[in-house]
Amino acid sequence: MSEKQDKKWENSFELNKQFHDQRMTMVSDFELDHAIRKGLSQGKKTDGDVRKRRSIFVAAAAMMSVFMIFVASIRVSPAFASTVRDMPGLNKFVDLIRYDSLFAKAWEHDFLQEVGISDRSEDTVFTVGSILADEDRILILYSLKGPEVREGKANDYMAFELTNGKGEKISEQRLSVLPKEIEEAVDTYEKLDFRLLDGQTMPERLILKVNMIGHHYEIPFTVDKERFAGMREVIPVDKQMEVDGQKVNIDQVTITPLQAKVHVTADPNNTMQINDLVDLRLNDNTDYKRRMETVQGDLATGERTYYFESPYFSQTDSLTLEAKGFFLNKRDQVFTFNIETVETIHTPNPHIVLDKVEETGDGIQVSISTEGIYDQTEYPYFNPYVQFFNEDNTFTDAAGKEYPMNDAKLLMWTGLGTESHEMTFSIPKREYKQPLSFKVKEYPGFAKADINIKIK
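Residues numbered from 1 in each chain as written. Predicted model: local features only at pLDDT ≥ 70, side-chain atom pairs only at ≥ 80, totals over all residues. Heavy atoms only, no water.

## Observations regarding the pairing of strand β12 (residues 259–266)
Piece 1. A large share of β12 lies buried, amounting to six of its eight residues.
Piece 2. The pairing of strand β11 (residues 246–256) with β12 spans eight bridges and is antiparallel. In the strand pairing of β12, threonine 256 is matched with glutamine 259.
Piece 3. In this antiparallel pair of consecutive strands, β11 and β12, the connection spans two residues.
Piece 4. Sheet topology places β12 next to strand β16 (residues 303–308); six bridges connect them, and they run antiparallel. (Buried < 20%, exposed > 50% of the residue type's maximum accessible area, 1.4 Å probe, protein only. Helix = DSSP H or I, 4+ residues; strand = E, 2+ residues; numbered from the N terminus. Pairing = 2+ DSSP bridges.)

What follows is the structure in structure tokens.
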């Protein structure tokens, strides 16, 4: 890799690293019900210890399109784990897949494809061991071996891109984190999960591009599409969820062996802005209700696709979509504040107030608090994905002059019996005509309802 390419990737890694570090500390099980969260918050730690900060960047609108994968942790049988351990090329991956029911189903239905193709960069070798694929999703088991890896000197961050044989990107770039603490000298065995972009179907020829600072790999491999040919069910639904006069249309559900996609659109006549569906689950009338794994799209601007673990092999002719309400708020809200008097002039919610203003070097750090907004009676569910700041991250002063926000981000934490947001951003150190204001994209809000939509 050239010095220019190295610098490009180094800059890219730094941005991705910042996003990833903050995303990894975010609440991942936000769907957990109020009773579980309340129990956790009343654990053995003291009040000072129990407050855990969680953060996610909301400055870049592009971040909304990055998939955040939450892998189902369903224990598979010891017999399956033992069988995989004895398979050539797969025994090293057993700890990755032994708790994943998806791999168990793949093994039972002959979906696991061996690849065994490698690329070398100096003394380090990247190998695509096996894949698991259908028309819309592919999981890749890979290994990274070499002296740098075994000595714990490999880069912590790797960027991945999946393209077709023509070099056209078919899935969003992924970021992976290698283990930082290695107690014993070992090679790296990990898995990647790619969901294809809307409108794409799985090509026969794929190229996995891998970049680390100082290392670059390209691994071309073939997908045996015959293994999943015709295994796709598209169910037109065209039914509405309605809460407090606000509506979301369930357009269709697409089921493949590796996932279920639920596509929804917000009714354009809604008077409120719907940001998300609460505690969304897919019920196939078994003892296991599938939780939402990840999303694509922005319901606040019109449409969103929800991804679930697939019920393809559950052998049931019944499927129901369940939710507990909508996350919503008023449209076109503005937050107005005075940084000289540290005063809130106008807010979309009385709990959202200017908290503190601090000078830091060449800038001014502004913090906005939502202390008490998540009263457990009013908001039994916590939404960690609130994108408070507008997409262009700008504000205006009383004279109407526009300025940029810097480092706009959202902090979240759970304390004893309370959950809060803190929004922070920095602005240039200037003599502003007070007060200042900016448009609010969304803020915490909730409408409860028990929703059950019959899919089939």
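## A few points about unusual backbone geometry
Piece 1. The omega torsion across glutamine 434 and proline 435 is 0°, close enough to zero to call that bond cis.
Piece 2. Within the secondary structure, proline 435 sits in the loop between β25 (418–428) and β26 (436–440).
Piece 3. In the Ramachandran plot, glutamate 122 falls in the positive-phi region, its phi being about 55° despite a non-glycine side chain.
Piece 4. Summarising the element assignment, glutamate 122 is placed in the loop between β2 (112–121) and β3 (124–133).
Piece 5. Among the residues examined, glutamate 122 registers a relative accessible area of 59% and is labelled exposed.

## Brief notes about the sheet that holds strand β7 (residues 188–195)
Piece 1. Taking strand neighbours across the sheet as the criterion, the four strands line up as β2-β3-β4-β7 in an open arrangement whose pairing is antiparallel. Since the sheet does not close on itself, it has two edges, and those belong to β2 and β7, each with one partner. Between one strand axis and the next, the sheet turns through 20° on average, direction left out of account.
Piece 2. Looking at chain direction, β2 and β3 are connected through eight bridges and run antiparallel. Bridge pairing links glutamate 114 to serine 130 in β3.
Piece 3. The strands touched by helix α6 (residues 101–108) within the sheet are β2, β3, β4 (137–145) and β7, with β4 carrying the most contacts at an inclination of about 105°. (Axes fitted to C-alpha atoms, helices over the stretch in contact; angles between N-to-C directions. Contact = heavy atoms within 4.5 Å.)

## Things to note about the nonpolar core
One broad rule of soluble globular proteins: the nonpolar side chains tend to lie buried together.
Piece 1. Judged by nonpolar contacts, the single largest core of 39 residues is most densely connected at Phe126, Ile138, Ile140 and Leu208.
Piece 2. Contributions of two or more residues to this core are made by α6, β3, β4, β5 (157–164), β7, β8 (205–212) and β9 (215–222).
Piece 3. Sorting elements by how many residues they give to this core places β4 first, with six residues.
Piece 4. The contacts of phenylalanine 126, once residues within four sequence positions are left out, are Ile117, Ser118, Asp119, Tyr142, Ser143, Leu144, Met158, Phe160, Leu208, Val210, Tyr217 and Ile219.
Piece 5. By size, the runner-up hydrophobic cluster in this structure holds 31 residues, among which are Leu354, Tyr374, Tyr379 and Tyr432. (Core = buried A, V, L, I, M, F, W, Y, C linked by side-chain atoms within 4.5 Å.)

## Details of the environment of lysine 105
Piece 1. Inspection of the secondary structure assignment puts lysine 105 in helix α6.
Piece 2. A sequence separation of 208 residues divides lysine 105 from phenylalanine 313, and the C-alpha atoms of the two residues are 7.7 Å apart.
Piece 3. With near-sequence residues (within four places) excluded, lysine 105 lies in contact with Glu309 and Phe313.

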